[in-house]
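Chain by chain, the residues:
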Amino acid sequence: MSLPTFALSLHADWRCGRSGACCTAGWPIPVEPEVAVGLRAGLASQRLSPPAGRDEARLLPRPAGLADGSAALLGHDAQGACLFFDHGRGRACAIHRDLGHEALPVACRLFPRVCVLEPHGVSITLSHSCPTVAARLFDEQAPLTIVADPPAFPRGALYEGLDARRALPPLLRPDALLGWEGQRAFERHAVAALADERGLVEETLLRLAARVERARAWRVELGPLDDWLARALDGPVEVGAAPAWARRQPRELLAPVLASLVHPAGELAGLSAGEAHDRGWLAARWPDFEQPLRRFLAAQAFASWVAHQGRGLRTRVLALLTALALVRARAGQLCGRAGVELDAALLLRAIRDADLLLRHLCAPEELARRLSAVEEQPA
């Protein structure tokens, strides 16, 4: 039986907008052996007509050091555009257009989906490095809840990602499991807090950190963990109750990300928190963009790999604080270089770049390991 699927409501009807961003990003796209057979057959029969011609060695190169399980890569031009991307015919992928969705390499079939497979179902969030996805954050009419079996992600479709179906559930803290029901409860709470609370999003994250400290105080003698967790996450909490570990300076938040990079990041590798906070480009307009910032963080909190790769609830909140710090630092950098105050276009680019770093240019396990150091620190 196929597992139910879960997604955020603002992603529930997502469709590719043919921006071409993923097709021109320059990422190495591995081609599985069975996919390579189909592509070569399509080229030989002339059913597949890429704009770059039919030179198989150029279209499907086999560089030294090709990963196990890959028969080739998709070829790229000097600017990083996939040779199968047909800019002149509707900004379409020639493979998808000529041979169908199932003929694509798995990476292309899945992007921008970010999936976590758990015993109760498949949770799917989307990478906001995709401009079509990022633009949805600014749609004031789109609701923000967790929905089951959304139309964009039907049961039985291909979903690969972090497979935790046979793993232990996430951790409450390094010496205690959260449990599967606790995992779902915390995820629901984080999304609801980001959707429903008012005021600065930074304050919502600090309140979430304070609730996490209450939750971490659980001991066996205090009764069932699920009951304790419900009480810990419920009720008001003051921003001033936030623990010290959640009040880090921006540079401290950026450091684990920049230390976890495994792919070239260009100017993002030198991202400086100082550019965001020392020049004052953000102060006046930052509060105007609470809604897209809250939605972006909800997409980080939901279907989170850090939940499984990290060592507790503190790590998950720190990951959200880090994501917000990345957006702010990049937004400040962009505003400073343009000499203008923050606007929606610059924030959208900053969000895209932050997700590019977090989801595509960093080693996720290494980033989770570095963030998890917070679990051993004093409250």
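Up top you'll find the structure we're talking about.
Only a predicted model underlies this, so the values are computations on that prediction, with no experimental measurement involved. (Residues numbered from 1 in each chain as written. Predicted model: local features only at pLDDT ≥ 70, side-chain atom pairs only at ≥ 80, totals over all residues. Heavy atoms only, no water.)

### Quick look at the overall build of the chain
Line of reasoning, step 1. Looking only at helices and strands, the chain has 15 helices and 11 strands in total.
Line of reasoning, step 2. For 379 residues, the compact-globule formula gives about 21 Å, and the C-alpha radius of gyration of the chain, at 22 Å, lands near that figure.
Line of reasoning, step 3. Based on the C-alpha atoms only, the size of the chain along its principal axes is roughly 70 × 55 × 40 Å.
Line of reasoning, step 4. Looking at the chain as a whole, 52% of its 379 residues qualify as buried.
Line of reasoning, step 5. By sequence separation, contacts in the chain at least 24 residues apart represent 76% of the contacts at least 6 residues apart.
Line of reasoning, step 6. A total of about 16,600 Å² of accessible surface is found on the chain, and carbon and sulfur atoms cover 53% of it.
Line of reasoning, step 7. Distance between charge centres in the chain, computed from 44 positive and 43 negative side chains, equals 2 Å. (Helix = DSSP H or I, 4+ residues; strand = E, 2+ residues; numbered from the N terminus. Rg over C-alpha atoms; globule rule 2.2 N^0.38 Å. Buried < 20%, exposed > 50% of the residue type's maximum accessible area, 1.4 Å probe, protein only. Contact = heavy atoms within 4.5 Å. Areas by Shrake-Rupley, 256 points an atom, 1.4 Å probe, with all protein chains shown as cover. Lys, Arg positive; Asp, Glu negative; His and termini not counted. Charge placed at Lys NZ, Arg CZ, Asp CG, Glu CD.)

### Observations regarding the nonpolar core
Line of reasoning, step 1. Counting 77 residues, the largest nonpolar core has Val-327 and Leu-342 as its most contacted members.
Line of reasoning, step 2. Ranked by residues supplied to this core, first place goes to helix α13 (residues 313–338) with 15 residues.
Line of reasoning, step 3. Ignoring anything within four residues of it in the chain, the contact list for Leu-342 reads Trp-281, Leu-282, Arg-285, Trp-286, Phe-289, Ala-331, Cys-335 and Leu-347.
Line of reasoning, step 4. Core analysis: the next-biggest nonpolar cluster, separate from the first, contains 21 residues, Ala-71, Leu-74, Phe-84 and Leu-104 among them. (Core = buried A, V, L, I, M, F, W, Y, C linked by side-chain atoms within 4.5 Å.)

### A few points about the packing of aromatic side chains
Line of reasoning, step 1. One pass over the full model with this rule turns up one aromatic pair.
Line of reasoning, step 2. Each ring, one from Trp-27 and one from Phe-111, has its centre 5.5 Å from the other, and the planes form 65°; the classification is edge-to-face. Separated by 84 residues along the polypeptide, Trp-27 in the loop between β1 (5–8) and β2 (30–31) and Phe-111 in the loop between α4 (106–110) and β6 (113–118) bring together distant segments of the chain.
Line of reasoning, step 3. Over the ring of Trp-286 we find Arg-328, and its NZ or CZ is 4.7 Å from the ring centre. (Phe/Tyr/Trp six-rings, centres within 6.5 Å; stacked < 30°, edge-to-face > 60°. Lys NZ or Arg CZ within 6 Å of the ring centre and 35° of its normal.)

### Describing the pairing of β1
Line of reasoning, step 1. A two-sided burial pattern is seen for β1, the buried positions comprising Thr-5 and Ala-7 on one face and Phe-6 and Leu-8 on the other.
Line of reasoning, step 2. Of the pairings in the sheet, the one linking β1 to strand β8 (residues 146–148) comprises three bridges and is antiparallel in character. Bridging across to β8, Ala-7 finds its partner in Val-147. (Pairing = 2+ DSSP bridges.)

### Examining the packing of α13 against helix α14 (residues 344–361)
Line of reasoning, step 1. One can describe the packing of α13 onto α14 by two numbers: an axis separation of 8 Å at closest approach and a directional angle of 130°. Relative to α14, the element α13 is oriented oblique. Remark: the crossing between α13 and α14 carries right-handed chirality. For the pair formed by α13 and α14, the contact residues are Ala-323, Leu-326, Val-327, Arg-330, Ala-331, Leu-334 and Cys-335 on the first element and Leu-346, Leu-347, Arg-349, Ala-350, Ile-351, Asp-353, Ala-354, Leu-357 and Leu-358 on the second.
Line of reasoning, step 2. Residue composition of the contact of α13 with α14, by class: 13 nonpolar, no polar and three charged. (Axes fitted to C-alpha atoms, helices over the stretch in contact; angles between N-to-C directions. Parallel < 35°, antiparallel > 145°, perpendicular 65-115°, else oblique. Left-handed = near helix turned anticlockwise from the far one by under 90°. Nonpolar A, V, L, I, M, F, W, Y, C, P; charged D, E, K, R; others polar.)

### Some words on the sheet that holds strand β9 (residues 162–163)
Line of reasoning, step 1. The sheet built from five strands is open, its strands ordered β8-β1-β7-β6-β9 with mixed pairing. What marks the edges here is a single partner per strand, and that holds for β8 and β9.
Line of reasoning, step 2. When β1 meets strand β7 (residues 121–126), the two strands line up parallel, connected through three bridges. Each residue of the ladder has a partner; that of Thr-5, found in β7, is Val-122.
Line of reasoning, step 3. The strands touched by helix α6 (residues 180–196) within the sheet are β1, β6, β7 and β8, with β8 carrying the most contacts at an inclination of about 125°.

### Re the pattern of salt bridges
Line of reasoning, step 1. Evaluated as defined, the whole model comprises 24 salt bridges.
Line of reasoning, step 2. Note that Arg-97 and Asp-86 form a salt bridge whose closest N and O atoms lie 2.9 Å from each other. Remark: Asp-86 occurs in strand β4 (residues 85–86) and Arg-97 occurs in helix α3 (residues 94–99); sequence separation between them is 11 residues.
Line of reasoning, step 3. What makes Arg-97 partly exposed here is its relative accessible area of 28%.
Line of reasoning, step 4. A salt bridge links Glu-197 to Arg-207; its shortest N-O distance comes to 3.0 Å. You can see Glu-197 sitting in the loop between α6 and α7 (201–216) and its partner Arg-207 sitting in helix α7, a full 10 residues away along the chain.
Line of reasoning, step 5. For Glu-197, a relative accessible area of 16% gives the class buried. (Salt bridge = Lys/Arg side-chain N within 4 Å of Asp/Glu carboxyl O.)

### Re the packing of α7 against α13
Line of reasoning, step 1. At a minimum axis separation of 9 Å, α7 and α13 run at an interaxial angle of 165°. Classified by the angle their axes make, α7 and α13 are roughly antiparallel. In this structure, α7 meets α13 at a crossing whose hand is left-handed. On α13, the residues that touch Val-201, Glu-202, Leu-205, Leu-208, Ala-209, Val-212, Glu-213, Ala-215 and Arg-216 of α7 are Leu-313, Arg-314, Val-317, Leu-320, Leu-321, Leu-324 and Arg-328.
Line of reasoning, step 2. For the contact of α7 with α13, a count of residues per class yields 11 nonpolar, no polar and five charged.

### Let's talk about the pairing of β7
Two faces belong to every sheet, and in a regular strand the side chains alternate between them.
Line of reasoning, step 1. In terms of burial, β7 is largely enclosed, as six of its six residues are buried.
Line of reasoning, step 2. Of the two faces of β7, the one lined by Gly-121, Ser-123 and Thr-125 and the one lined by Val-122, Ile-124 and Leu-126 are each fully buried.
Line of reasoning, step 3. Bridge count between β6 and β7: six bridges; the pairing is antiparallel. Paired with Val-114 across the two strands is Thr-125, which belongs to β7.
Line of reasoning, step 4. Taking the residues that link successive antiparallel strands as the turn, the β6-β7 hairpin has two residues.

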